[in-house]
Amino acid sequence: MKPTVRTKLDSLVARRADLERLLAAEDATRDMERFRNQSREYADIGDVVGLYEQYRKAEGDAEAAKELDLPEDLKAARASMERLEGELQKALLPKDPNDERNVFLEVRAGTGGDESALFAGDLFRMYSRYAERSGWQVEIISESPSELGGYKEVIARIIGQGVYSKLKFESGGHRVQRVPATETQGRIHTSAATVAVMPEADDASDVVINPSEVRVDTFRASGAGGQHINKTDSAVRLTHLPTGIVVECQDARSQHKNREQAWRVLAARIKDKQVREQQAKEASERKSLIGTGDRSDRIRTYNFPQGRVTDHRINLTLHKIDSIMDGDLSEITSALAAEHQAEQLASLAQSNT
């Protein structure tokens, strides 16, 4: 084991002992916020320390086997050390603080006219079915249907355990190749849609928005297809002046509800901007293929005539487009997460040399 890794692990052992003392103190719960943070930190480093204790035991077994000239025992102990070192490296990787958050999912039609809007609708259904398979809730915040079906734009909140960790690599450009329903000659068309996945911001601490830097406009909502013509100015538009981010919400009947939803989406978009800037910086430093956060990047192609889906970032092609469009995304999301972890491990190894 590299000395830098061992030093890091020794410091975690010492920190865990400190936390044990702090949490056992008589006045530990006087400040509940601090108590919760310390309890969370204690739980977070517990698994790493446990693995390190197993490693040190295997290390001691190896030394004893060497002294007693027990080659089989020495071989077994060294094998355990190698396995545990690999597990420790993964456990030491920095955790994404947003992984357990709910997300705002935005799907927008791109080039390709009506077919692009239909594809945006298909993508939204794909993510909705994946959410259903995962036991998550989907709550539509704002939608702009197109005339032939699908969406010009749809924004939804997806609520559940670890949503961001599973969907965070979905942001980017998605391209479809197929014969549109409106095509009489049977020609294959290419169209596109963009997807943005943004972690939901904490109300209190995550994003500080100065209300004086936000312009609030109200206007009359335009009901889809002329439904329930709204005679009051219930729709809300927020413009964040420093960043130019604009959010509109008009689906709810009440201005209060639309305003509340718009502020939540605005906070998520500002947080997302910060996350993407950080990801872009990290990506440029380590030549990352995953998670650059650049919306202009074409990340995936859905080829219906050939029945395949290709993720261009990791050169993964799956010939099961029907099940993927029905929400079977686990193979793709797992492969992207594994690639990201491999990049992190390579970066960690480089920093420890």
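The coordinates are above.
Residues numbered from 1 in each chain as written. Predicted model: local features only at pLDDT ≥ 70, side-chain atom pairs only at ≥ 80, totals over all residues. Heavy atoms only, no water.

*Asks:* Looking at this model, I keep getting lost on the overall build of the chain. Mind explaining?
*Replies:* The helix and strand tally for the chain stands at 8 helices and 11 strands. Put simply, the chain has 353 residues, and 40% of those count as buried. In the chain, 61% of the contacts between residues at least 6 apart in sequence involve partners at least 24 apart. In the form shown here, the chain has an accessible surface area of approximately 19200 Å², with 48% of it arising from carbon and sulfur atoms. (Helix = DSSP H or I, 4+ residues; strand = E, 2+ residues; numbered from the N terminus. Buried < 20%, exposed > 50% of the residue type's maximum accessible area, 1.4 Å probe, protein only. Contact = heavy atoms within 4.5 Å. Areas by Shrake-Rupley, 256 points an atom, 1.4 Å probe, with all protein chains shown as cover.)

*Asks:* So what exactly am I meant to see when it comes to the environment of S234 here?
*Replies:* Relative to the helices and strands, S234 is located in the loop between β6 (214-219) and β7 (235-240). A residue is classified by how much of its surface remains accessible, and S234, at 1% relative accessible area, is buried. Sequence separation between S234 and N258 is 24 residues; the distance between their C-alpha atoms is 7.2 Å.

*Asks:* How do you make sense of unusual backbone geometry when you look at a structure like this?
*Replies:* Comment: phi is negative for the bulk of residues other than glycine, and the bulk of peptide bonds are trans. Residues other than glycine seldom take positive phi values, yet D69 does so here, at roughly 55 degrees. Its location among the elements puts D69 in the loop between α2 (32-67) and α3 (71-91). Owing to a relative accessible area of 62%, D69 belongs among the exposed residues under this scheme. Located in the positive-phi region is N315, a residue other than glycine, with phi close to 50 degrees. Positionally, N315 belongs in the loop between β10 (308-311) and β11 (316-318).

*Asks:* Can you help me understand the packing of helix α1 (residues 3-24) against α2 in this one?
*Replies:* Between two packed helices, what matters for the description is the angle formed by their axes and the separation of those axes. For the pair α1 and α2, the least separation of the axes is 8 Å and the interaxial angle reads 135 degrees. Between α1 and α2, the crossing angle belongs to the class labelled oblique. Relative to α2, the crossing made by α1 is left-handed. Here the residues of the contact of α1 with α2 are counted per class, giving 13 nonpolar, 3 polar and 8 charged. (Axes fitted to C-alpha atoms, helices over the stretch in contact; angles between N-to-C directions. Parallel < 35°, antiparallel > 145°, perpendicular 65-115°, else oblique. Left-handed = near helix turned anticlockwise from the far one by under 90°. Nonpolar A, V, L, I, M, F, W, Y, C, P; charged D, E, K, R; others polar.)

*Asks:* Could you clarify how one ought to interpret the pattern of salt bridges in this entry?
*Replies:* This structure, assessed with the given rule, holds 29 salt bridges. The residue K320 makes a salt bridge to E331 at a minimum N-O spacing of 3.0 Å. Note that K320 is positioned in the loop between β11 and α7 (321-325) and E331 in helix α8 (residues 330-351), a separation of 11 residues in sequence. Among the residues examined, K320 registers a relative accessible area of 26% and is labelled partly exposed. Residue classification places E331 among the partly exposed positions, given a relative accessible area of 39%. Here the residues in one salt-bridge network are R125, R129, E132, R133 and D326, joined through shared partners. (Salt bridge = Lys/Arg side-chain N within 4 Å of Asp/Glu carboxyl O.)

*Asks:* Whenever I open this one, the pairing of strand β8 (residues 245-249) confuses me. Can you help?
*Replies:* Moving residue by residue along a regular strand, the side chains alternate between the two faces of the sheet. Along β8, the buried face is formed by I245, V247 and C249; none of V246 and E248, which line the opposite face, is buried. For β7 and β8, the ladder comprises 5 bridges, and the chain directions are antiparallel. The residue bridging T239 from the neighbouring strand is V246, located in β8. Hairpin connection between β7 and β8: a loop of 4 residues separates the two successive antiparallel strands, and G244 in this loop has a positive phi of roughly 80 degrees. (Pairing = 2+ DSSP bridges.)

*Asks:* Help me understand the environment of I245 in this model?
*Replies:* Tracing the sequence through the fold places I245 in strand β8. Taking the relative accessible area as the measure of exposure, I245 reaches 13% and is therefore buried. Not counting residues within four places of it along the chain, the set of residues in contact with I245 comprises L238, T239, H240, L266, R269, I270 and K273.

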